[in-house]
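Structure at a glance
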Amino acid sequence: QVQLVESGGGLVQPGGSLRLSCVASGSIGSINYMGWDRQAPGKQRERVAVIQIGGRTSYAESAEGRFTISRDNAKNTMYLQMNSQKPEDTAVYYCLVVSDMGTTYWGQGTQVTVSS
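The structure reproduced in this document is the subject of the present report. (Residues numbered from 1 in each chain as written. Predicted model: local features only at pLDDT ≥ 70, side-chain atom pairs only at ≥ 80, totals over all residues. Heavy atoms only, no water.)

Let's shift gears to the side chain of Asp89. Within the element layout of this structure, Asp89 appears in the loop between strand S8 (77-82) and strand S9 (91-99). The residues contacting Asp89, other than those within four sequence positions of it, are Arg38, Arg66, Phe67, Val112 and Val114. (Helix = DSSP H or I, 4+ residues; strand = E, 2+ residues; numbered from the N terminus. Contact = heavy atoms within 4.5 Å.)

Spelled out as structure tokens, the structure:
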């Protein structure tokens, strides 16, 4: 059974930083890509960042220049470093893994609140 567990969310002041982690366990098989989504109250889920299996990264315009996605294969862990945070970054953040077969696995989500 595949399990993704996020951690690192919390309350941060505007301009501050947080680093989210996502630990994967279980048999996923061959991975196509991994990423982070977020969903704010009353809004649609947004794809924030993606890292391809070869290491290529891409970001939503709202995250470009402030967020960095990375992974540590030895630890089966993916990260999202979030800097210069804004109140509009407030959301539940979900990590995801997409297999070569097209199956998507999701974590349970971690709340990030940016407020003074």
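Looking now at the pairing of S8. With 5 of 6 residues buried, S8 is to be regarded as a mostly interior element. The pairing of strand S3 (residues 18-25) with S8 spans 6 bridges and is classified as antiparallel. Each bridged residue has a counterpart across the sheet, and for Val23 the counterpart in S8 is Thr77. Both strand S7 (residues 67-72) and S8 contribute to a ladder of 6 bridges, which runs antiparallel. Within the sheet, the bridge partner assigned to Arg71 lies in S8 and is Met78. Counting the residues in the hairpin turn of S7 and S8 gives 4 residues, including Asn76, whose phi is positive at 50 degrees. (Buried < 20%, exposed > 50% of the residue type's maximum accessible area, 1.4 Å probe, protein only. Pairing = 2+ DSSP bridges.)

This part is about unusual backbone geometry. A positive phi angle is found at Asn76, which is not glycine, with a value near 50 degrees. The residue Asn76 is located in the loop between S7 and S8 in this model. On the basis of relative accessibility, which here comes to 48%, the residue Asn76 falls in the partly exposed class. Positioned with a positive phi, Ser84 is a non-glycine residue whose angle comes to about 50 degrees.

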